[in-house]
Amino acid sequence: MIISTDGIVLRTFDYRETSKIATFFTRDQGKISGVMKGIRKDPRKFGSSVDRFSVNGLVYYEYRNSNLHLISQCDLKQYFFKLREVYRKNVAANYSLELVDVIMPVESPNKEIYDLMLDYFNTLEVSDDIDKLVHAFQIKVLLHSGFRPHIDSCVKCGKKVGGKVRFSMRLGGLICERCPTRETSFVIVSRGAIASMLFIESHKWDQCIKLKLHKNIQQELKFILNNFLVYHLEKRIRSLKFLMAKGAL
Ligand SMILES: [Zn+2]
């Protein structure tokens, strides 16, 4: 079957003498990989050099019995220059590619994730509030990929939370002050941090990026989200290390 859709480059590597294998997150088919035959021998064969931080119009032949398809057309549609030029933006953008690659199964369409990536890149190009964008991206990726932390009520008794609330990394949610726990992998979390996460989950991207986040809440979100992601995604995300080291997160 021939499929035509738009795709954001997640990663590429050289294949055999003259080809490349590229993995895209596409608008209609989710994460797909395909061979681009002869692209290294004759770069003009395709209308894109398949760089990171680009959106491309794709046409590919879908093989039924393989996860690797044959890409016949790839034309550059949008390129995010700043994400390549500005170091912290570059790290934050690379992180999002890696996160989507790790969290999303192959060929599982998810329009919310696709639109989120475009929103994130477009905002990252023009905004320097990188930490907040990364937090908003993480919260929305978790929501739309089915890995959402349980933050509306107590994960043990289901009742509304109040007072001194703990966030359990292992259970992936809040534990109220009434519920006993022998958990060691928990952290005290403020009402403000919970409210911020719930706001980001329930509002459109444009509204989320206007949200003011106090430094203390940013620190809390950084700790909770990064540890939650590391705990629940078996594979550690390589670029997280760089993101944290440079003070971007
Ligand atoms: Zn409880």
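Here the residue numbers are simple positions, counted from 1 along each chain's written sequence. Confidence filtering applies because this is a predicted model: local features only for residues at pLDDT of at least 70, side-chain atom pairs given and counted only at 80 or more, and all residues used for totals across whole chains, interfaces and linings.

Student: Outline the overall build of the chain, supporting the account with residue identities and numerical values.
Tutor: Under the scheme used here, helices are H or I runs from DSSP no shorter than 4 residues and strands are E runs no shorter than 2 residues, and both carry numbers assigned from the N terminus. The secondary structure content of the chain amounts to eight helices and nine strands. In terms of overall size, the chain behaves like a compact globule, its C-alpha atoms giving a radius of gyration of 20 Å where 249 residues would be expected to give roughly 18 Å. If you line up the chain on its principal axes, its C-alpha atoms span 65 × 40 × 30 Å. Field definition: a residue is buried when 20 or more other C-beta atoms are found within 10 Å of its C-beta, exposed when 12 or fewer are, and partly exposed for counts in between, with C-beta atoms placed from the backbone. A buried classification covers 37% of the 249 residues belonging to the chain. Note on method: radius of gyration uses C-alpha positions; expected globular size equals 2.2 Å times residues raised to 0.38.

Student: How would you sum up the nonpolar core? Please name residues and give values.
Tutor: Formed by 63 residues in total, the largest nonpolar core has its most connected members in Phe25, Val100 and Met117. Think of it this way: build a C-beta for each residue from its backbone, and any pair within 7 Å is a contact. Those residues in contact with phenylalanine 25 that sit more than four places away from it in its chain are Gly7, Ile8, Leu10, Gly30, Lys31, Val100, Met104, Ile113, Tyr114 and Met117. When buried Ala, Val, Leu, Ile, Met, Phe, Trp, Tyr and Cys residues are joined through C-beta atoms within 7 Å, the set is termed a nonpolar core.

Student: Run through the sheet that holds strand β1 (residues 2-15), naming residues and quoting values.
Tutor: Should DSSP find at least two bridges between two strands, the strands are taken to pair. An order of β1-β2-β3-β5-β4 is seen for the five strands of this closed barrel, with the pairing classed as mixed. Averaged over neighbouring strand pairs, the angle between their axes works out to 50 degrees when direction is ignored. Relative to strand β3 (residues 30-36), strand β2 (residues 19-26) is paired through seven bridges, and the arrangement is antiparallel. Bridge pairing in β3 places phenylalanine 24 opposite isoleucine 32. Fitted lines through C-alpha atoms serve as axes, helices being fitted only where they are in contact, and the angles separating the N-to-C directions of these axes extend from 0 to 180 degrees. Of the strands in this sheet, β1 and β2 touch helix α2 (residues 87-103), which is tilted by about 110 degrees from β1.

Student: Tell me what's going on with the domain arrangement of the chain, and back it up with residues and numbers.
Tutor: As a measure of interface size, the accessible area lost when the parts come together is often cited. Residue ranges for the domains trace back to a domain assignment, done automatically or taken from a database. Annotation of the chain at the domain level lists domain 1 (2-79) and domain 2 (82-245). Inter-centroid distance (C-alpha atoms) of domain 1 to domain 2 is 29 Å. Across the contact, 14 residues belong to domain 1 and 17 residues belong to domain 2. Within the residue set of the side of domain 1 that touches domain 2, elements represented by two or more residues are β1, β2 and β3.

Student: How would you sum up α2? Please name residues and give values.
Tutor: Multiply 1.5 Å by the residue count of a helix minus one, and that product is the helix's expected span. In this model α2 runs 24 Å from its N-terminal to its C-terminal C-alpha over 17 residues, within 8% of the 24 Å that 1.5 Å per residue would give. Here α2 has its buried residues at Lys89, Val91, Ala92, Ala93, Tyr95, Ser96, Leu97, Leu99, Val100 and Ile103.

Student: Could you give an account of the pairing of strand β4 (residues 54-61), naming the residues involved and the relevant values?
Tutor: In this sheet, β4 lies alongside β1 in antiparallel orientation, the contact comprising seven bridges. Bridging from a neighbouring strand, isoleucine 3 pairs with tyrosine 60 of β4. Pairing analysis gives eight bridges linking β4 to strand β5 (residues 68-79), with the strands arranged antiparallel. Within β5, the position partnered with valine 55 by the bridge is glutamine 78. Counting the residues in the hairpin turn of β4 and β5 gives six residues.

Student: Could you give me a rundown of unusual backbone geometry, with the residues and numbers involved?
Tutor: One non-glycine residue, arginine 16, adopts positive backbone phi at about 50 degrees. Position of arginine 16 relative to the elements: it lies in the loop between β1 and β2. Assessed through the 11 C-beta atoms surrounding it within 10 Å, arginine 16 is described here as exposed.

Student: Quick rundown of the sheet that holds strand β6 (residues 150-154)? Include the residues and the values.
Tutor: Across the sheet, which stays open at both edges, the four strands sit in the order β6-β8-β7-β9 with mixed pairing between neighbours. Both outer strands of the open sheet, β6 and β9 (186-189), are each paired with one neighbouring strand and no more. For this sheet, the mean inter-axis angle between neighbouring strands, taken without regard to orientation, is 35 degrees. Direction of pairing for β6 relative to strand β8 (residues 173-175): parallel, over a ladder of two bridges. Pairing of histidine 150 across the sheet is with glycine 173, part of β8. Contacts from helix α5 (residues 191-202) reach β6, β7 (165-168) and β9 within the one sheet, and its direction differs from that of β6 by about 125 degrees.

Student: Kindly report on the pairing of β1, identifying the contributing residues and their values.
Tutor: The sheet contact formed by β1 and β2 spans eight bridges and is antiparallel. Across the sheet, the residue bridging to isoleucine 8 is phenylalanine 25, located in β2.

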